[in-house]
Amino acid sequence: MLEMKRPFVLGKCSWISLYSILLLLFGPCALAQIRYSVPEEVKDGTVVGNVAKDLGLDVASLGERRFRVSETKEAIFEVNRNNGALFVHGRIDREQLCQGSGTCLMELKVLVENPLEVHYVVVEITDVNDHAPTFPKRNETIEIAEQTLSGTRFQLHSAHDPDAGMNSVRTYSLSSNDHFDINIREAKGEKIPFLVLKKMLDREQSSEHFLLVTAVDGGKPQRSGTLNVTIIVLDSNDNIPVFSQEIYEITAKENVQTGTSILKITATDPDEGVNGEIDYSLAKTLKQSIYNMFELDTKTGDIVVKGMLDYEESDFYELEVQASDKGAPPLKGECRVIIKIIDVNDNSPEIDVTSLSNTVSENSKPGTVISLISVTDKDSGVNGKIIAHITNNVPFELKPSYKENTYSVVTKDFLDREQVSNYDITIKATDCGEPPLSTTKTLSIQILDVNDNSPQFEQNPLYFYIVENNVAGTSLFSVTAADKDKNENADVSYSIARTGQEKDVALFLNVNAENGQITALKSFDFETLKSFQFQVVASDSGTPSLSSNVTVHVFILDQNDNAPVILYPVSSNASAEGVEEIPRNVNAGHLVTKVRAYDADIGYNGWLLFSLQGVTDHSLFGLDRYTGQIRTLRSFTETDEAQHKLVILVKDNGNVSLSATAIVLVKVVEPSEAFAASDVKSSTKDAEDTNVTFYLMITLASVSALFIISIIVLIAMQCSKSSTDYTSKYLQDTNYDGTLCHSIQYRSGDKRYMLVGPRMSVGSTIVPGSQANTLVLPDRRRPSEEKKCIK
């Protein structure tokens, strides 16, 4: 904050001169300030004037605009935000604030914000007569030789009254006597009393005289103080010392070193002996500051610098010097020494900052005012002329105000908190002295965030792999988006974009809005769904909210969750049992049958192996572990049994293997019985062929009619799809060996049918509708996917 300047004192002539200079230099802008006056010692709360009314400010908005007086070390005045009045907020002692008798002015800075305005209010502190004149001592003794001539003057201690103007010391009076009158001389605005001898003294008549000097001020009512003066009449010493000059005028630089002699004064006394020996001394009535600053050699008359001279504290000194002989009584001569101090550049500039705020929004436009600064230099002339600028490369600049040495710190470029979140602005003020002196001050400015960045995912799209049969309600994975903003502008929440379609997989997913954890509301089955995708929306909490999407691709990994299914043998009651008849005269290596199985899993989980778990005679039958073919190992003998039971175990190769069991009953029959059974099968086949021909004719006619109808529908509706998907195809295998790979499959609705037979050939035909060799399986694949055949 800018520190309020110390109240200054201007005489009437000086005030008129300053007024004229300001008018010439700055015109109306420099005089755009309000002036009030208030007596000292008024009560707290006394209203000085209504600043808001005089400035034309809206009283209703004073609170919002932070209407205030710039803070100072001595908070004497405050403003009322409710009515805009300036009132007294502490004890006003004019004598403490303004030393001297000139005009006592206090310059206040009244600030309002949004927009920023600085108004200067000058308050004149008027004096009241609250002090009586006082003498430094209550008693003073003066020795005067009896031969002292009439008209001789004797200086007395001056009375001091802190009040100013008419309230200060106005006159002195002397008690009635025959020998003395009182005379007053003004020096530097101070009235100095002198006793004037109007009639020669006669020690033989009276060796002592007692006088009462009264100092009276000009206040109403008047106040006064008294001094008891004792005159001791001495015997004659009739020549006084005389100085070579009545007034000495010299100059001295303020940086002169202590102990330096700046003037030698001389006085002569025509008397002889001790009456002609002279001692020099400073008058006893000088201010204590002069005694602290100078000392006088009593023998040589050299005036030596004792303290540190400072032009800014005092630019001249006036010394009263006395030369006293050693006669009885001693005689004294007087002279004045005026020392003018020459200014040197010994003060660095000072920078005062009035910060409205140490923060600025990143969307602030160039030209936004951040703070106000003022620079001062205690030196004068060229040494006090200041140049200020910002030294470092920051998007801020100084703009001069209408008032000299006052600047505004404003933005000159657009700000971006995500690139730079704070700035240290270094302001340098340099005077024009020789050598120049400078001062730097650093302002720390924090950039406030606005919601100008949307959340961003690390990559888009995202790919995740999950294992099927996940537990519903558990977390599958998580997505994360980062927002370059901060606080609530970077607080990211997640949601899933819904398409509104009935089969939208996203309906079965849920996302944790806080951490992006994706949870499945159901368990996924690889055999039903192998992959899917959905979109996650990341939104921040800024105003307005910003968001971004990411496409998430999810691939489901297979688990060994499907046991092998026996396709053949299958009995009429759907159990995995079958009966095979073979002639007794077959040779070794004869194919008895082939066990067919299916596993909905893939890879190792769907790779099936066959093994014999139980057999009546291990020497008769062998099982291929990869194809499931059962063949004879040798020829039958008469001693071999007519029926053999084979238990076949089919298992997959998953980590946890799953299996199924099939039973094959092999009946050994005579060749003639086997031939009769073959004829029966042949006749059945012929009947089936006849039925198939009939059905083919009906099918051909139906297909022709459907073709014509389809052409019409395609023209009218462009696309039509039958509600019933009926397909029939062959699963071909070049290495035909009578296995399931030469079976016929077709679909109807949501069921898949597989027609199987023990020794079906490519040309074999099974009459539709016959359930003897039909296995109904649940459809675990999409219509567009090819059916998988495992031998």
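Above this text you will find the structure in question.
Quick notes on the rules
Residues numbered from 1 in each chain as written. Predicted model: local features only at pLDDT ≥ 70, side-chain atom pairs only at ≥ 80, totals over all residues. Heavy atoms only, no water. Helix = DSSP H or I, 4+ residues; strand = E, 2+ residues; numbered from the N terminus. Polar contact = N/O pair within 3.5 Å; in protein donor to acceptor, adjacent residues only side chain to side chain. Pairing = 2+ DSSP bridges. Axes fitted to C-alpha atoms, helices over the stretch in contact; angles between N-to-C directions. Salt bridge = Lys/Arg side-chain N within 4 Å of Asp/Glu carboxyl O. Buried < 20%, exposed > 50% of the residue type's maximum accessible area, 1.4 Å probe, protein only. Patch = residues over 30% accessible without salt bridge, like charges linked within 9 Å, V, L, I, M, F, W, Y side chains within 5 Å. Areas by Shrake-Rupley, 256 points an atom, 1.4 Å probe, with all protein chains shown as cover.

Regarding the side chain of N347
Part 1: You can see N347 is positioned in the loop between β24 (332-342) and β25 (350-355).
Part 2: Here the side chain of N347 touches E312 through a polar contact of 2.8 Å, side chain to side chain.
Part 3: Engagement of the side chain of N347 in a polar contact is seen with the side chain of D379, the distance being 2.9 Å.

Re the sheet that holds strand β49 (residues 643-651)
Part 1: Here we have four strands laid out as an open sheet, ordered β43-β50-β49-β46, and mixed in their pairing. In this open sheet, the two strands that pair with only one neighbour each are β43 (577-583) and β46 (609-615). In this sheet, adjacent strand axes meet at a mean angle of 30 degrees when their direction is disregarded.
Part 2: Where β49 meets strand β50 (residues 659-669), nine bridges bridge the pair, whose relative direction is antiparallel. Residue pairing for β50: K651 is matched across the bridge by S659.

Some words on the pattern of salt bridges
Oppositely charged side chains can pair when the atoms bearing their charge come close.
Part 1: Following the criterion strictly, the structure yields 16 salt bridges and no others.
Part 2: The closest approach of N and O atoms between E124 and R35, which form a salt bridge, is 3.1 Å. One end of the pair, E124, is in strand β8 (residues 117-126); the other, R35, is in strand β2 (residues 33-39), and 89 residues separate them in sequence.
Part 3: For R35, a relative accessible area of 37% gives the class partly exposed.
Part 4: Here E113 and R66 are joined by a salt bridge, their closest N and O atoms 3.0 Å apart. Here R66 lies in the loop between α2 (51-55) and β4 (68-69) and E113 lies in the loop between β7 (103-112) and β8, a separation of 47 residues in the sequence.
Part 5: Overlapping salt bridges bring together R66, R68 and E113 as one network.

Description of the sheet that holds strand β13 (residues 190-197)
Part 1: Judged by pairing direction, the sheet is antiparallel, and its three strands sit side by side in the order β10-β13-β12 without closing on themselves. Both edges of this open sheet fall to β10 (153-155) and β12 (180-187), since each of them pairs with a single strand only. Here the strands of the sheet are splayed against their neighbours by 35 degrees on average, with no regard to which way each runs.
Part 2: Pairing analysis gives eight bridges linking β12 to β13, with the strands arranged antiparallel. When the sheet's bridge partners are listed, A187 is paired in β13 with E190.

Section: a nonpolar patch on the surface
Part 1: Taken together, the side chains of F707, I708, I711, I712, L714 and I715 define a hydrophobic patch exposed on the protein surface, amounting to about 640 Å² of accessible area.
Part 2: Mapping I711 onto the fold places it in helix α5 (residues 671-717).
Part 3: A residue is classified by how much of its surface remains accessible, and I711, at 37% relative accessible area, is partly exposed.

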